[in-house]
Amino acid sequence: MKRTHKCNQVTSDLIGQEITISGWIHRRRDHGGVIFFDVRDEDGLVQVVYNPESKDIFSLAETCRNEFVIFSKGVVSERPVGTANDNLVTGEVEIIASDLDILNPSLPIPFQLDEYSPVGEETRLKFRFLDLRRTEMQDNLRLRSKVSTSLRTYLDNEDFIEIETPLLTKATPEGARDYLVPSRTFPGQFFALPQSPQLFKQTLMASGFEKYFQFAKCFRDEDLRADRQPEFTQLDIEMSFVDSKEVMSLITKMIKQVFKETMSVDLGEFVEITYHEAIEKYGVDKPDLRNPLELIEVKELFKECDFKVFNEPANDKDSRIAAIKVPNGKLLTRKQIDDYTEFVGNYGAKGLAYIRVEDPSKGKEGLQSPIIKFIEDSIIESLLSTLEVQEGDIIFFGAGKRSIVNDSLSAFRDLVAKDLDLLTCEWAPCWVVDFPMFEKNRSGDLTPLHHPFTAPNCTTDELKEDPLGALTEAYDIVLNGTELGGGSVRIHDRLMQETVLKLLNINEKEAEEKFGFLIAALQHGCPPHAGLAIGFDRMIMLMTGSDSIRDVIAFPKTQTASCLLTEAPGQAAQEQLEELHIRFHGLEKED
RNA sequence: GGACCGGUAGUUCAGUUUGGUUAGAACGCCGCCCUGUCACGGCGGAGGUCGCGAGUUCGAGUCUCGUCCGGUCCGCCA
């Protein structure tokens, strides 16, 4: 009962041959006197015909249902004139069955696998083994495999070696919440699952592996999003004796080649923009460059304006006033603008001022806006000339704290471009460079923009002098507004590493305890090194055009980080807990 | 921690605004019929804890509160 052909191979070349196939009954059509099965395997579909002349086989075929796994033998025949199916590769032929075996029947499945029937997320995840049979999921996971193979081949050709690093490891100093694993042999102590292999890969550089990579599982116990899972895969890369330019050029080549090889897409030029420029023009450090809209700083114009909404931010150094000119914005209805106002409210913006340009030749008279009556004519004039407005434009304004204006307008920029279908191309990759070393968090403490092992491009003294002014050799690769990955030149000098840690309020003892091994490695001939990590799942998401990261992961978690298929997490047996020296406090045991 | 959307038949949904007879549709499922279909077709049938728990009411799928589950977002994610 071995198949001689995969379903997709059954074409007119085989006419007259007796062949065997195996697969699932994708669909059965029982006409009473003749029965058709579309038999599906991983490559495609082929039609098998059961005629009543072969009595036993015919009556067995009558008992078959969708998703039964069968084996069938028969002669490949040209279909009768007028009955070919153009939608199938195998549509010109059919197999006239002479044998049929049910390898495994199937219960009626809880949802249909065809492209016509939508299914809810909950049902899909609970019956993931069925969901994965659907063409979309098959295609996604196949592309995922092709892409990882392509990446491996590329890196192998560039003399990289793949090295695995531990999953049972130690909590790192900052960053996301760790997943912990209790130690049986050390009561009260815990392993942490890695948030990334950062420290290990730097250690490998000290060990003399000059070009390392790894498809690394990473774990972060933070709340989920459509593009975020608690368990995800990074393509982790590190090199010795290189600068940022070399890393960027190697990765650019890699990404371009992979898109070419696996999708026949030419990504074109990778634009390079600075962090500062990205924030100024797009309000975000991962701009979607397919989107032609830009934030235009108009703070200076409103310094003398009496309108309080603009006057205050215009004269506050932590604030900005940015305008977005939307060409053909006249298409937006009042209702849409109200919705946008509510939308930016999610980001803390108090409002979304706008001006409709109905006839720019008439100056102020040609405008329509709830706010112009509060603004001096001279300011309006310079505004119109600065923005070079045209008839039909709408100008939107964000005014207030820098971070709120940036967050709200960057999200608004994406939304309005989508609504008005403004995207100019399909793919727009870029590198964002010159990140600051630190920023201040809400409590006023320094936090690293990238991570504490990123090298600043200044001396230790200069860094101590003006930490917020220091820039780094860090680089993010951004595609269509998604951060695909990022990396940096690392600190390879103990003194610099200690200086950075000190600025982050991590004292020597703590550093020694948390990652003494890295500090030790830096002191024993660690070469200068740099690298980056690519968010592999996100990359596949972009390549497949998926709306959710779940659609490119075989067995993903729900938003509350549970698995509906396995019902993980689950409770542990009392004996297990005792072995691990774990007792619960303040948790009622469920009955 | 917060905001919003959803939860009704195996599945996808309607019904909830305005509480009122037996909760509907499509697909799927079961039975019968059908020899050229390909999302086959025809006739018939079964199938419901309206997520769960309280409350309001003569009466709740529908209103109120709580809670659980799924999703999107904010915070969070170096």
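Residues numbered from 1 in each chain as written. Chains lettered and ligands numbered in written order. Predicted model: local features only at pLDDT ≥ 70, side-chain atom pairs only at ≥ 80, totals over all residues. Heavy atoms only, no water.

K.L.:
Where do I start with the overall build of chain A in this structure?
P.N.:
Secondary structure assignment for chain A yields 16 helices and 22 strands. Based on the C-alpha atoms only, the size of chain A along its principal axes is roughly 95 × 75 × 55 Å. Residues counted as buried form 47% of the 591 residues belonging to chain A. For chain A, long-range pairs separated by at least 24 residues make up 69% of all intrachain contacts whose partners lie at least 6 apart in sequence. Averaged over its 67 positive side-chain charges, chain A has a centre that lies 2 Å from the centre of its 100 negative ones. (Helix = DSSP H or I, 4+ residues; strand = E, 2+ residues; numbered from the N terminus. Buried < 20%, exposed > 50% of the residue type's maximum accessible area, 1.4 Å probe, protein only. Contact = heavy atoms within 4.5 Å. Lys, Arg positive; Asp, Glu negative; His and termini not counted. Charge placed at Lys NZ, Arg CZ, Asp CG, Glu CD.)

K.L.:
Help me understand the sheet that holds strand β21 (residues 482-489) in this model?
P.N.:
Where strands meet in a sheet, backbone hydrogen bonds hold them as pairs that are either parallel or antiparallel. In space, the eight strands of this open sheet follow the order β6-β9-β10-β22-β21-β20-β17-β11, with mixed pairing throughout. Where the open sheet ends on each side, the last strands, each with one partner, are β6 (161-162) and β11 (271-274). Sheet topology places strand β17 (residues 429-433) next to strand β20 (residues 474-479); five bridges connect them, and they run antiparallel. By the bridge assignment, Val 433 is partnered in β20 with Tyr 475. Helix α5 (residues 198-206) rests against β9 (211-219), β10 (231-240) and β22 (529-535) of the sheet, and its axis sits at about 25° to β10. (Pairing = 2+ DSSP bridges. Axes fitted to C-alpha atoms, helices over the stretch in contact; angles between N-to-C directions.)

K.L.:
Please explain the nonpolar core as it appears in this structure.
P.N.:
Among soluble globular proteins, nonpolar side chains are generally buried collectively. Within the largest apolar cluster, 64 residues are counted, with the highest numbers of intra-cluster contacts made by Ile 251, Met 254 and Ile 255. At eight residues, the largest contribution of residues to this core is made by helix α6 (residues 244-263). Dropping the residues within four chain positions of it, Met 254 is found in contact with Leu 151, Tyr 154, Leu 155, Leu 235, Ile 237 and Ile 534. (Core = buried A, V, L, I, M, F, W, Y, C linked by side-chain atoms within 4.5 Å.)

K.L.:
For this particular structure, what's the right way to read the pairing of β21?
P.N.:
Along any regular strand, the residues point their side chains to alternate faces of the sheet. Counting buried residues along β21, seven of its eight residues qualify, which places the element largely inside the surrounding structure. Where β20 lies against β21, six bridges are found, and the strand directions are antiparallel. Within β21, the position partnered with Leu 479 by the bridge is Thr 482. The hairpin formed by β20 and β21 contains two residues between the paired strands, and Asn 480 there has a positive phi angle of roughly 55°.

K.L.:
Is there a simple way to think about the protein's contact with RNA strand B in this case?
P.N.:
The local shell around RNA strand B holds 51 residues, among which Arg 27, Thr 83, Glu 94, Gln 112 and His 450 are the closest. A breakdown of the atoms of RNA strand B within 4 Å of the protein gives sugar and phosphate a share of 52%. For RNA strand B, a sugar or linking oxygen lies 2.9 Å from a polar atom in the backbone of Pro 110. In the environment of RNA strand B, a sugar or linking oxygen lies 2.6 Å from a nitrogen or oxygen atom belonging to the side chain of Glu 222. Sorting the residues of the surface near RNA strand B by element identifies β1 (18-30), β2 (35-40) and α2 (121-126) as the ones contributing at least two each. (Near = heavy atom within 4 Å. Polar contact = N/O pair within 3.5 Å; in protein donor to acceptor, adjacent residues only side chain to side chain.)

Shape descriptors only; they carry no functional weight alone.
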